[in-house]
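# Report on the structure
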Amino acid sequence: MNILASILLVLLEIVPKGDAFLRPLQKRDSIYVGDRLEYGFELDNVRPGTDLALQDLKSLPADTLALVRDWKVDTTRFRRRAGLMNIRGSVLLAPFEEGDFALPPIYVQRKSDGKTDTLVFKTPVFRVAQFPLDSARIAENALAPVVRYPLTYAELFPWLAGADILLIALIVGLVLWRRRKRREEEKPSEPAHITALRKLDGYRGSQYWAPEKQKGFYSGVTDALKNYMESRFGVDAPEMTTAEVFDALKGAGDISPELFDETRELFETADFVKFAKHTAPDEYNAKVVPTAVKFVTDTYRSTLEEEQEGDVL
């Protein structure tokens, strides 16, 4: 017989309270290995404010009698007039070995009205059996092979229709994409100075000078100028730092020294705003777009003059 011992605390006063209950959760006469059992106690006429301390059952050997669920305490009845209630506490156990089991008695320490005592519920004894297996019936009822039926047209039709719809959608999308790409390629590319002036015109107005918007303002202006410089002077300005850009532009006859210095100062201020969290004053912000526009128009005007001189010659 398997005897399970429980480790108890020093008890102040032991009061017998009857038998603990043991109820299999499965509806059958016998208890088998692996079944779940509800083991607990019922306590009537408990006054509100009573403290209950329950013993620790976690020391049960898990390979023999496992604790599936720890203590759960519920109120089964409450008599409002008398101010008393019935308490029900239980744990869930699962035996994993056949044989006879004597569960540890349940001790409940109760503290009420300054008095502490310990209630004891008697140990139930139960037998666990191995679930019987009829090898003959198992052989007779062996698993039959899976029967595979041929697919019908009604079963295949939704899949075929879905595939057709997806294929049509892909073809239509491809045609529209190619048509749009062809239209973009057929559009005449506008001159670089027109593109730059159009982008710069979008940054006019003091609404871009707020400290939280200045980074976008200076980035947009300098990006428009860098793209124009790449087209006009053949330098890879979008991929260069400020110092590299103006080193590459040195000696360009189309840029006057005064315009060169003003534009470089604009780029250096933009670097401070974008990377050093600098806030430029409004009086300088007001000159940014006019300086950029002047750079584009002056350098483009020199290009026109060179073309006209070439035509005369």
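Our structure's up above, just so we're on the same page.
Before going into details, it helps to say that this report is about the structure given with it. (Residues numbered from 1 in each chain as written. Predicted model: local features only at pLDDT ≥ 70, side-chain atom pairs only at ≥ 80, totals over all residues. Heavy atoms only, no water.)

### Considerations on the nonpolar core
One finds Y218, V221, M229 and L249 to be the most contacted residues of the largest nonpolar core, which totals 30 residues. Going through the elements one at a time, helix 3 (192–201), helix 4 (214–233), helix 5 (242–249), helix 6 (257–275) and helix 7 (282–312) are the ones with two or more residues in this core. Counting residues in hydrophobic clusters, the runner-up holds 23 residues, among them L60, M85, F101 and L103. (Core = buried A, V, L, I, M, F, W, Y, C linked by side-chain atoms within 4.5 Å. Buried < 20%, exposed > 50% of the residue type's maximum accessible area, 1.4 Å probe, protein only. Helix = DSSP H or I, 4+ residues; strand = E, 2+ residues; numbered from the N terminus.)

### A look at a nonpolar patch on the surface
On the surface, L151, Y153, L156, F157 and L160 cluster together into a nonpolar patch covering about 550 Å² of accessible area. With relative accessibility at 61%, the residue L151 sits in the exposed group. (Patch = residues over 30% accessible without salt bridge, like charges linked within 9 Å, V, L, I, M, F, W, Y side chains within 5 Å. Areas by Shrake-Rupley, 256 points an atom, 1.4 Å probe, with all protein chains shown as cover. Salt bridge = Lys/Arg side-chain N within 4 Å of Asp/Glu carboxyl O.)

### Comments concerning the environment of D271
Inspection of the secondary structure puts D271 in helix 6. What makes D271 partly exposed here is its relative accessible area of 24%. Between the alpha carbons of D271 and T222 there is a distance of 9.7 Å; along the sequence they are 49 residues apart. Setting aside residues up to four positions removed in sequence, D271 forms contacts with T242 and A276. (Contact = heavy atoms within 4.5 Å.)

### Here's the deal with the sheet that holds strand 6 (residues 51–54)
Whether parallel or antiparallel, the strands of a sheet pair through hydrogen bonds between backbone atoms. The four strands lie next to each other as 2-11-10-6, forming an open sheet whose pairing is mixed. Two strands lie at the open edges of the sheet, namely strand 2 (14–19) and strand 6, each paired on one side alone. Strand-to-strand twist of the sheet, defined as the mean angle between neighbouring strand axes without regard to direction, takes the value 25°. (Pairing = 2+ DSSP bridges. Axes fitted to C-alpha atoms, helices over the stretch in contact; angles between N-to-C directions.)

### Observations concerning the sheet that holds strand 7 (residues 65–79)
Read across the sheet, four strands follow the order 3-5-8-7 without closing on themselves; strand pairing throughout is antiparallel. Bordering the open sheet on either side are strand 3 (21–24) and strand 7, each of which pairs with just one other strand. Neighbouring strand axes in the sheet, compared pairwise and without regard to direction, differ in orientation by 25° on average. Relative to strand 5 (residues 37–46), strand 3 runs antiparallel, the two being bridged by four bridges. Across the sheet, L22 pairs through a bridge with Y39, a residue of strand 5.

### So, the packing of aromatic side chains
Taken as a whole, this structure holds eleven aromatic pairs when the rule is applied. Residues F233 and F295 carry aromatic rings whose centres are separated by 6.3 Å and whose planes lie at 55° to one another, so their mutual orientation is tilted. Of the two residues, F233 sits in helix 4 while F295 sits in helix 7, which places them 62 residues apart along the sequence. Classification of F295 as buried rests on a relative accessible area of 1%. Ring plane angle 90° and centroid distance 5.4 Å describe the contact between F246 and F260, whose orientation is recorded as edge-to-face. With F246 in helix 5 and F260 in helix 6, the pair connects residues that are 14 residues apart, well separated along the chain. Taken together, the ring pairs connect Y203, Y208, F217 and Y218 into an aromatic cluster. Its end group placed over the ring of F21, R23 keeps NZ or CZ at 4.2 Å from the ring centre. (Phe/Tyr/Trp six-rings, centres within 6.5 Å; stacked < 30°, edge-to-face > 60°. Lys NZ or Arg CZ within 6 Å of the ring centre and 35° of its normal.)

### Comments concerning the environment of D100
Mapped onto the elements, D100 comes out in strand 9 (residues 99–102). Remark: the alpha-carbon pair of D100 and R127, spanning 27 residues in sequence, is separated by 4.3 Å. Engagement of the side chain of D100 in a polar contact is seen with the side chain of R127, the distance being 2.6 Å. (Polar contact = N/O pair within 3.5 Å; in protein donor to acceptor, adjacent residues only side chain to side chain.)

### Some remarks on the pairing of strand 8 (residues 84–95)
Burial analysis of strand 8 places twelve of its twelve residues in the buried class, the great majority of the element. Of the two faces of strand 8, the one lined by L84, N86, R88, S90, L92 and A94 and the one lined by M85, I87, G89, V91, L93 and P95 are each fully buried. Strand direction decides the pairing type here: strand 7 and strand 8, joined by eleven bridges, are antiparallel. Note on strand 8: the bridge partner recorded for R77 is N86.

### Re the pattern of salt bridges
The final tally for this structure, using the stated rule, is ten salt bridges. One salt bridge in this structure joins D100 and R127, with 2.6 Å as the shortest N-O distance. Here D100, found in strand 9, pairs with R127, found in strand 12 (residues 125–129); they are 27 residues apart in sequence, far enough to count as distant. Residue class for R127 comes out exposed when judged on its relative accessible area of 60%. For D201, the salt bridge goes to R204, with nearest N and O atoms at 2.9 Å. Using a relative accessible area of 46% as the deciding quantity, one classes D201 as partly exposed. Looking at R204, the relative accessible area reads 43%, which means it is partly exposed.

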